[in-house]
Amino acid sequence: IFDEIHRQQLQAFSQYERTKTLTTAEYLGVDHNFFKGKTCLDAGCGVLLPATINMLEAGADMVFALDLDISSNEVSLRFLEQWQGKYELNNGSVLSLPYQDEFFDFVLSDGVLHHTGNISRGLIELCRVVKRKGAVYVSIMGEGGIMKEFQSILRKRYRTDPWFQQFIANLDPKAIMKILVQAGENGSKEEID
């Protein structure tokens, strides 16, 4: 399912770029030099490899990108052309990682574990393969909640409203700030805070 969704993101490159912003050093809250010289794992990398590419761009020594079926994917290989010898694509599951204990300096699993049916097992595996002084970043979505409802409303509108599709495609930090400033001019400061 996600392979098809990720491939569709290539048709609106702004969607891919927005996805990449979710795994930058800044977003993860680490120093911009954090990845330099590190051996990293992107567990559940997806066909477009946004986190893998971010870690490589940030100076990672080696990034292992793992997904259920990735190793000979033409899209993935195209995205990684410039980093020959600095990455390895592996097929496998986050529930049974094909790596030795304490192998990685940094392990990332973004939006994957909640799809496995066994989050605990996945967390155990991620912790098993990270070095003692290493770091693990995990992002998991839950069920329900106001954000999930808000997401559903926006996705429905996105599918049916061409204007809204264009609005989302052109959204960037400057556009968001402009919207917030305009909202502030139309309302009280307290409403914005």
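Sequence order as written defines residue numbering, which begins from 1 separately in each chain. Per-residue local features are limited, in this predicted model, to residues with pLDDT of at least 70; the limit for side-chain atom pairs, both in listing and counting, is 80 or more; totals at the level of whole chains, interfaces and linings are taken over all residues. For side-chain calculations, the full set of non-hydrogen atoms in the structure is used, while hydrogens and water are omitted.

(A) Up close: helix α4 (residues 50-57). Accessibility here uses a 1.4 Å probe with only protein chains present; expressed as a share of the type maximum, an area under 20% marks a residue as buried, one over 50% as exposed, and anything in between as partly exposed. Each helix corresponds to a stretch of at least 4 residues labelled H or I by DSSP, and each strand to a stretch of at least 2 residues labelled E; elements are numbered beginning at the N terminus. α4 sits mainly inside the fold: 7 of its 8 residues count as buried. Turning to α4, its buried residues number three or more, namely Pro50, Ala51, Thr52, Ile53, Asn54, Met55 and Leu56. Trailing α4 by a residue or two, glycine 59 shows a phi angle of about 100°, which is positive.

(B) Representation of a nonpolar patch on the surface within the structure. Nonpolar side chains (Val, Leu, Ile, Met, Phe, Trp, Tyr) are joined into patches within 5 Å and like charges within 9 Å, using only residues with over 30% relative accessible area and no salt bridge. Computed with the Shrake-Rupley method and a 1.4 Å probe, the accessible areas treat only the protein chains shown as cover for residues. Throughout this description, the term salt bridge denotes a Lys or Arg side-chain nitrogen within 4 Å of a carboxyl oxygen of Asp or Glu. Taken together, the side chains of Ile176, Met177, Leu180 and Val181 make up a nonpolar region of the molecular surface, amounting to roughly 350 Å² of accessible area. Looking at the element boundaries, isoleucine 176 is found in helix α9 (residues 173-186). The partly exposed category is assigned to isoleucine 176, whose relative accessible area is 41%.

(C) Region of interest: the nonpolar core. To qualify as a nonpolar core, a set must consist of buried Ala, Val, Leu, Ile, Met, Phe, Trp, Tyr and Cys residues joined through side-chain atoms within 4.5 Å. Counting 25 residues, the largest nonpolar core has Phe35, Cys40, Leu49, Met55, Leu80, Leu89 and Phe106 as its most contacted members. Every element with two or more residues in this core is listed here: α3 (25-28), α4, β2 (62-67), α5 (74-79), β3 (87-91) and β4 (104-110). With 4 residues, α4 is the largest single contributor of residues to this core. Core analysis: the next-biggest nonpolar cluster, separate from the first, contains 15 residues, Met62, Val94, Val107 and Leu126 among them.

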